[in-house]
Amino acid sequence: MDIETRDQLLATIRRFCAERLRPIEAEVSEKDAIPADVNREMAELGLYGLSIPEEYGGLGLSMEEECLVCFELGRVSPAFRSAFGTNVGIGSQGLVMFGTPEQKAKWLPGVASGEIVTSFALTEPEAGSDSGSVRTAAALKGDHYVLNGAKRYITNANRAHLFTVMARTNPDVKGGSGVSAFLVPRDLPGVSVSKPEKKMGQQGAHICDVNFDDVKVPVENRLGGEGEGFRVAMQVLDRGRLHISAICCGVAERLIADCVAYSAERKQFGQPIAGFQMIQAMLADSRTEAYAARSMVLDAAKRRDGGENVTMEAACAKLFASEMVGRVADRAVQIFGGAGYTADHGIERLYRDVRIFRIYEGTSEIQRVVISREMMKKGT
Ligand code: COS
């Protein structure tokens, strides 16, 4: 995408976020639902297809461009991003990276337009951080696999039309190499989705359990070869971690802007609280950390666009950006004081919303595992 078109896209998204999404944040949170017309408008803007190649009707953004878009999207409640986040990221990228031409032609145009909502079904009740130990089984019977098992906390499962499911095809092989990936349409008999969980934050975004009960999945729906599913999942997550890092940076920018405005206006001891050095120090720490995270994310994204393996850099960015936005949100509550603890300014809502960034798409502890393993591999 040329720079002029990219900047127009960013300006359009910035305006849409500020004028259309921000005014309804509190309502979305209260009702735990995004209005259908807003979802339609997000699809019309192309948000469902940001990362889908242009030949399939998406915008075909590079990783760097996607991160720039995420910086804008992060300025509103992360629940909005979650509505199309699986289509842009973990729900679709297995198909984009490893799908056959037939699989791509069948699904991707609908994914790009938002008609098909995708979900990524890796986590299970007994396989969270240890995702290589999934128990959901896929047994080959002639021209189809029979899928049995349960997945947990699956984002957008209640709206999904298509799941990317990681299941064990070889019960004799422990760990990731016995796992394969499958494209499983929601309407196949035996697929059921439970009611959304009640969560700490990000109301309007939903996670549900998904059950597979003797689901017959055609062989042609396998994504990649047998035993390649864990690697598919890991590469999808490498990319997803950069997307989440960029969202963290966007939320931090929103919180910092709100803190700057509030501290310039709020008076105590006869002057705006921005005049006090202890407030200034909090603002300066937030700005410094947000700048560092943004720089990391853009560097890793550019490297990925240049063809480098960024497993380690994506984990570094996810670790730092998700922890950073937690600290920025905590300082925001402190700067707003009592007003930050009430619902009036949306600060307490964002404080709760950002907590999940340190957990999903790999906890901070798992990012540290990934980073240190890569360091040992590289010897540096
Ligand atoms: N890209 C490509 N291949 C990868 C990879 C990556 N990023 N990460 C691992 N692999 C490969 C390894 O090279 C290894 O291949 P070989 O068997 O050929 O050597 C295989 O996958 C198994 O890797 P590893 O031995 O590192 O697997 P572990 O079971 O030790 O697990 C962690 C690795 C913990 C890093 C992984 O399970 C993980 O990321 N867990 C968190 C999952 C997660 O983010 N869940 C969130 C839910 S999705 S919202």
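Residues numbered from 1 in each chain as written. Predicted model: local features only at pLDDT ≥ 70, side-chain atom pairs only at ≥ 80, totals over all residues. Heavy atoms only, no water.

## As for the packing of helix α4 (residues 63–73) against helix α8 (residues 229–265)
Where α4 meets α8, the closest approach of the two axes is 7 Å, and the angle between their N-to-C directions is 35 degrees. Crossing angle aside, the handedness with which α4 passes α8 is right-handed. In this structure, α4 uses M63, E66, C67, C70, F71 and L73 to contact α8, whose residues at the interface are R239, L242, H243, A246, I247, C249 and G250. Looking at the contact of α4 with α8 residue by residue, the classes come out as nine nonpolar, two polar and two charged. (Axes fitted to C-alpha atoms, helices over the stretch in contact; angles between N-to-C directions. Helix = DSSP H or I, 4+ residues; strand = E, 2+ residues; numbered from the N terminus. Left-handed = near helix turned anticlockwise from the far one by under 90°. Contact = heavy atoms within 4.5 Å. Nonpolar A, V, L, I, M, F, W, Y, C, P; charged D, E, K, R; others polar.)

## Section: the pairing of strand β4 (residues 162–168)
Within a regular strand, side chains alternate between the sheet's two faces. With seven of seven residues buried, β4 is to be regarded as a mostly interior element. Neither face of β4 is open: one carries L162, T164, M166 and R168, the other F163, V165 and A167, and all of them are buried. Inspection of the sheet shows strand β1 (residues 118–121) paired to β4 by four bridges, in the parallel sense. Bridge pairing in β4 places F120 opposite T164. Across seven bridges, β4 lies against strand β5 (residues 179–185) in antiparallel orientation. If you follow R168 over to β5, its bridge partner there is V179. (Buried < 20%, exposed > 50% of the residue type's maximum accessible area, 1.4 Å probe, protein only. Pairing = 2+ DSSP bridges.)

## Examining unusual backbone geometry
Among all residues except glycine, the phi angle is most often negative; among peptide bonds, the trans geometry is most common. Positive phi, normally seen in glycine, also occurs at N156, with a value near 65 degrees. You can see N156 is positioned in the loop between β3 (144–155) and β4. Overall, N156 belongs to the buried group, its relative accessible area being 3%. Even without glycine at this site, E361 takes up a positive phi of about 55 degrees. You can see E361 is positioned in the loop between α12 (347–353) and α13 (364–378).

## A closer look at the site of the ligand
Around the ligand, a shell composed of 17 residues is seen, among which S129, S131, R241, G362 and R373 lie nearest. Within the complex, 68% of the 1,000 Å² of free accessible area of the ligand lies under protein. Elements that contribute at least two residues to the shell around the ligand include exactly α8 and α13. For the shell around the ligand, the residue count by class is six nonpolar, six polar and five charged. (Near = heavy atom within 4 Å. Areas by Shrake-Rupley, 256 points an atom, 1.4 Å probe, with all protein chains shown as cover.)

## Concerning the domain arrangement of the protein
Taken domain by domain, the protein comprises domain 1 (3–113), domain 2 (118–225) and domain 3 (231–378). Computed over C-alpha atoms only, the centres of domain 1 and domain 2 are separated by 23 Å. With 23 residues of domain 1 in contact, the opposing surface of domain 2 contributes 20 residues. Buried area between domain 1 and domain 2, both sides added, is near 1,700 Å², and the carbon and sulfur share of it is 54%. Of all residues in domain 1, D32, Q103 and W107 give up the largest surface area on contact with domain 2, accounting jointly for 29% of the area buried on that side. Where domain 1 meets domain 2, there are zero salt bridges. Contributing elements (two or more residues each) for the side of domain 1 that touches domain 2: α2 (25–31), α5 (78–88), α6 (93–98) and α7 (101–113). A per-element tally of the side of domain 1 that touches domain 2 places α5 first, with six residues. (Domains from an automatic or database assignment. Buried area = accessible area lost by both parts, 1.4 Å probe. Salt bridge = Lys/Arg side-chain N within 4 Å of Asp/Glu carboxyl O.)

## Remarks on the pattern of salt bridges
Counting across every chain of the model gives 20 salt bridges. Put simply, E72 and R14 hold a salt bridge, and the shortest N to O gap is 2.9 Å. Taken together, the residues span a long stretch of sequence, with E72 in helix α4 and R14 in helix α1 (residues 3–21) at a distance of 58 residues. A relative accessible area of 10% means that E72 is categorised as buried. Take R14: its relative accessible area is 44%, and that puts it in the partly exposed class. A salt bridge links R352 to E348; the nearest nitrogen and oxygen atoms lie 3.0 Å apart. Taken together, the residues span about one helical turn, with R352 and E348 both in helix α12 at a distance of four residues.

## Some thoughts on the environment of A121
With respect to the element layout, A121 can be found in strand β1. C-alpha separation for the pair A121 and R152, spaced 31 residues apart in sequence, amounts to 7.8 Å. Aside from chain neighbours lying at most four places away, what touches A121 is K151, I154, T164, V165 and M166.

## Comments concerning the nonpolar core
Counting residues in hydrophobic clusters, the biggest one holds 68 residues, and the most contacted among them are M42, L73, F80, L255, V325 and F357. When contributions to this core are tallied by element, the ones reaching two or more residues are α1, α3 (36–44), α4, α5, α8, α9 (277–305), α10 (311–336) and α12. When residues of this core are assigned to domains, at least three fall in each of domain 1 (3–113) and domain 3 (231–378). Discounting chain neighbours no more than four positions away, the residues touching F80 are L21, I24, E25, V28, I34, V38 and M42. Listed in part, the 24 residues of the second largest apolar core include L95, A112, M166 and V232. (Core = buried A, V, L, I, M, F, W, Y, C linked by side-chain atoms within 4.5 Å.)

## Some details on α10
The end-to-end C-alpha distance of α10, which contains 26 residues, comes to 37 Å, matching closely the 38 Å that a straight helix rising 1.5 Å per residue would cover. Among the 26 residues that make up α10, 21 are buried, leaving the element largely enclosed by the rest of the structure. Taken from the residues just after α10, G337 is the one with a positive phi, measuring 60 degrees. (Expected span 1.5 Å × (residues − 1).)

## Some details on the side chain of R168
Within the fold, R168 resides in strand β4. The side chain of R168 is buried and forms no salt bridge, while E124, the nearest opposite charge, is found at 7.6 Å. Polar contacts involving the side chain of R168 include one to the main-chain carbonyl oxygen of V134, which spans 2.9 Å. Polar contacts involving the side chain of R168 include one to the main-chain carbonyl oxygen of V173, which spans 2.7 Å. In this view, R168 contacts G132, S133, V134, T136, A137, A138, V173, K174, G175, G178 and V179; residues no more than four positions away in its chain are not counted. (Lys, Arg positive; Asp, Glu negative; His and termini not counted. Polar contact = N/O pair within 3.5 Å; in protein donor to acceptor, adjacent residues only side chain to side chain.)

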